[in-house]
Structures are given as C-alpha cells and as structure tokens.
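Here are the chains, one letter per residue:
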Amino acid sequence: LPAAETPTTPLTAFHLPDDYAKLTDAPLQASLDPGVRMAGLSSGEFHGFPAWLVETPYATAAISVFGGQLLSFVPKGGQDVLWLSPLTKRQPEPIRGGTPVCWPYFGKMGQAKGMPSHGLVRTLPWHLREARREADGSVVLQLAPPTLAGLPLRLGMMLRIGRTLTQTLVTENTGSQPVVFTEALHNYFRVGDVRQVSVSGLDGLTYLDKKDEGRAHRQHGDWQLLPDGHSDRIYTHATGPYVLHDPGLGRHIRITTRGSRSAVVWNAGEKAARGIDDIGAGWSHYLAVETANVAPDAIELQPGERHELQQLIEVGGLK
Ligand SMILES: O=P(O)(O)OC[C@H]1O[C@@H](O)[C@H](O)[C@@H](O)[C@@H]1O
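If you're wondering where the values come from, they're calculated on a predicted model, not measured in any experiment.

## Quick look at the overall build of the chain
Regarding its fold elements, the chain presents two helices and 23 strands. For 319 residues, the compact-globule estimate of 2.2 N^0.38 gives 20 Å, and the chain sits close to it at 19 Å. Burial analysis of the chain (319 residues in total) assigns 45% to the buried set.

So, in structure tokens, the structure goes:
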C-alpha cells in the first residue's frame, strides 16, 4: 500500500491566543444559569472535577467543565461506558479518560512543534449554554468552549443523554478564508481486559500505523490487540458503525457515526504505559475508539460553512 496518505490541501496552522495560559488556569465552576436549571441536571463534582451531572430515567452522565469532557455515561443497571484513569492529572493538564474533544487539530497534525497535543479546547473551561428535557426524560445539552481570539473557527457541542448517548461537534468557519482542520471525539471506553476485546466494522479498511512510521496497511477481520500489546492506528475512509465486543464486562458498545471518515484505535500497551504516568497499570482497562476526521480525511470549510461530526453510542449485552 502507498506510504502515509496526506490531505490534498495542507492543514491550517493554528496559533495559541495570547491569553491561552490564563484560560487553562481559570477557576472552574459548573455554573447553572437560571435559563438552564431543570430537573435531571445539577452541578457538582465527578472524581473531584467540577462537572454538570445528568440524571435521566435511563442513564446518568457527568460532563467536566474542564475540557467540556464527557467523563461518565452509565446506563441504568449497567457499568460506566467510559474509563477515567485513577491516575489522571489535574488542570491545567488534560484529563486522561472519558471523551476528550480534540479540536481544531488531532495530535499535532499540521501544527508547529510547541502546540499542545490534540488541539486547543480539552484544557479550557467550557460553558453550558442550553439545556432541555425531552418528553421521555432524555436530557439535551448545548455546550461550547470560550471564543479564542484569532481562531477563524467556532465550535459548539451537543450531548443527548437518554437510553443512548449522542454527541455532535459543530464547527463553523467564521473567518474570510478556507480552513482545513482535523478533529476527534477521543472515547476512552472502559473494558474488562483489552487483551480479550475485539472491534468489528473495520474489516478491509486501510489504516495508517503510527507504530510503523505512519505506513498504510489493510485491516483483515476484526481489530484485536497484537500479542506485543499496542495499537495506534488511524483507519481512513471509514464510515462505521463499529462494535466493541467485551467478554470481560459481558457487553458490546456500538458506535454509529455521521460526518466522520476516520476511526482511531489506540491502546498504549503494557510496556509504553509504564512510561505514561497517568495510565500505568490501568492500560488494560481501556480501549480508545475515536470518531474522527484526521489525516487524509481532514475537513476543508469555506467561509460561513458548517460541519457536523456525530457519534451515537449504544450499549447492549454480549452478542
Ligand atoms: O497523551 P495524549 O496527548 O492524550 O494522546 C494520547 C494518544 O491519543 C491517540 O489518539 C493518539 O493516536 C496517540 O498517538 C496518543 O498517544
């Protein structure tokens, strides 16, 4: 297969706003403006992180103010769908677990050396703009990071928590030039033991293997962790759905996507995790399956245009 596929148009290089360090250190408060107060929504903490807490007849959820990061989604009677590292660092370091929002670039793709990994918004205090409850008790939230000076893009995020979870990133080009960006909903799914997990929905796809200098390979059958225990792959031109089968927790997680052309499947593996102090011994309890648009699937937005990236997460018994 051809070596690393790259986007036809170069990615836009973003800049850190002058007040970025101040923003990442800003006091965090899960404030609830009078307009968003309602049954099923409260403010509090989740594992010490200031968070918006959601309770519906079917599930509970927690969303961190820091990073606008979904930290927990627990279908009633089940276990958390998401993994949050017990060793996670704290503000201003990114949270290790849940669903970090990587935006407007994934990794350091197309960016200058000193730029933070995975974009600008996972270490910023987010705002809850709107909240409503649907007739069946499902809760819909609209959130956004602060506006960043000099950034020609605006981001909004919708979360719908019901029997299933829907998450949408809406990106708008507010500038006067075309912008090429990358993005990911970096789900850390909780698993019994990653060595026993498989992921279907990837068969036949091309993946760029970060463990092989980004070279392209073809996936045959389901994803499974290699015996030497690591995976850092970008599946391109992918559409989903993907199903994570987890015999350890006796469940499957289905991820259905819209507006997403890449899937990233990442686990640090035992050896490398020893050197990552917020993963360590926890490495076998998560698998990152990410809904993304990265590498050759970068998005080009014309001035005034919008793009939506969406994932729907459903949990069921083992099939
Ligand atoms: O340590 P970070 O910045 O949160 O990144 C974690 C991982 O995120 C994954 O999405 C990348 O593919 C990996 O290469 C990376 O190591």
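## Side note on the confidence of the model for the chain
Here the chain averages 96 in pLDDT, while 97% of its residues score no lower than 70. Under the prediction, the complex receives an ipTM of 0.99, its pTM being 0.97.

## Quick notes on the sheet that holds strand β1 (residues 41–46)
Taken in spatial order, the four strands of this open sheet run β1-β2-β3-β4, and their pairing is antiparallel. Unpaired on one side and paired on the other, β1 and β4 (70–75) mark the two borders of the sheet. Taking the axes of each pair of neighbouring strands and ignoring which way they run, one obtains an average angle of 25° across the sheet.

## As for the environment of Val81
You can see Val81 is positioned in the loop between β4 and β5 (101–102). Val81 gets classed as buried once you count the C-beta atoms within 10 Å, which come to 26. On a C-alpha basis, the gap between Val81 and Tyr188 in space is 8.7 Å, while along the polypeptide they are 107 residues apart. Contact partners of Val81, with chain neighbours within four places excluded, come to Phe73, Phe189, Arg190, Ile253, Ile313 and Val315.

## Concerning the sheet that holds strand β13 (residues 198–200)
With antiparallel pairing, the nine strands of this open sheet are ordered in space as β6-β7-β8-β9-β23-β19-β18-β13-β16. Unpaired on one side and paired on the other, β6 (127–133) and β16 (223–224) mark the two borders of the sheet. Pairing analysis gives nine bridges linking strand β8 (residues 153–161) to strand β9 (residues 165–173), with the strands arranged antiparallel. From the neighbouring strand, Arg160 faces β9, where its bridge partner is Thr166.

## So, the site of the ligand
The full set of residues close to the ligand is Pro94, Gly107, Ser117, His118, His186, Lys210, Asp232, Val264, Trp266, Ala288 and Glu290. Looking at the shell around the ligand, the elements that each hand over two or more residues are β20 (262–267) and β21 (286–293). Class assignment of the residues belonging to the shell around the ligand gives a composition of four nonpolar, four polar and three charged.

## Considerations on the nonpolar core
Ranked by size, the top nonpolar core spans 84 residues in total, and within it Leu82, Phe189, Leu244, Ala263, Leu287 and Val289 carry the most contacts. If you tally residues by element for this core, the top one is β21, at five residues. Non-local contacts of Phe189, meaning those with residues more than four positions away in its chain, are made with Val81, Leu82, Trp83, Leu244, Ile253, Tyr286, Leu287 and Val289.

## Some details on unusual backbone geometry
That bond from Gln91 to Pro92 is cis: its omega, 5°, falls within 30 degrees of zero. Positionally, Pro92 belongs in the loop between β4 and β5. The omega torsion across Gly240 and Pro241 is -5°, close enough to zero to call that bond cis. For His47, which is not glycine, the phi dihedral falls at a positive 50°. Tracing the backbone shows His47 in the loop between β1 and β2 (49–55). Although it is not a glycine, His237 adopts a positive phi angle of roughly 50°. Here His237 is to be found in the loop between β17 (231–235) and β18 (242–246). Here His237 falls in the exposed class, since 11 other C-beta atoms lie within 10 Å of it.

## A look at the environment of Ala61
Relative to the helices and strands, Ala61 is located in strand β3 (residues 59–64). Overall, Ala61 belongs to the buried group, with 25 C-beta atoms counted inside 10 Å. For Ala61, the contacting residues outside a window of four places in its chain are Val54, Leu70, Ser72, Phe73 and Ile161.

Conventions and cut-offs
- Residues numbered from 1 in each chain as written.
- Predicted model: local features only at pLDDT ≥ 70, side-chain atom pairs only at ≥ 80, totals over all residues.
- Helix = DSSP H or I, 4+ residues; strand = E, 2+ residues; numbered from the N terminus.
- Rg over C-alpha atoms; globule rule 2.2 N^0.38 Å.
- Buried ≥ 20, exposed ≤ 12 C-beta atoms within 10 Å, placed from the backbone.
- pLDDT = per-residue confidence, 0-100.
- Pairing = 2+ DSSP bridges.
- Axes fitted to C-alpha atoms, helices over the stretch in contact; angles between N-to-C directions.
- Contact = placed C-beta atoms within 7 Å.
- Near = placed C-beta within 6 Å.
- Nonpolar A, V, L, I, M, F, W, Y, C, P; charged D, E, K, R; others polar.
- Core = buried A, V, L, I, M, F, W, Y, C linked by C-beta atoms within 7 Å.

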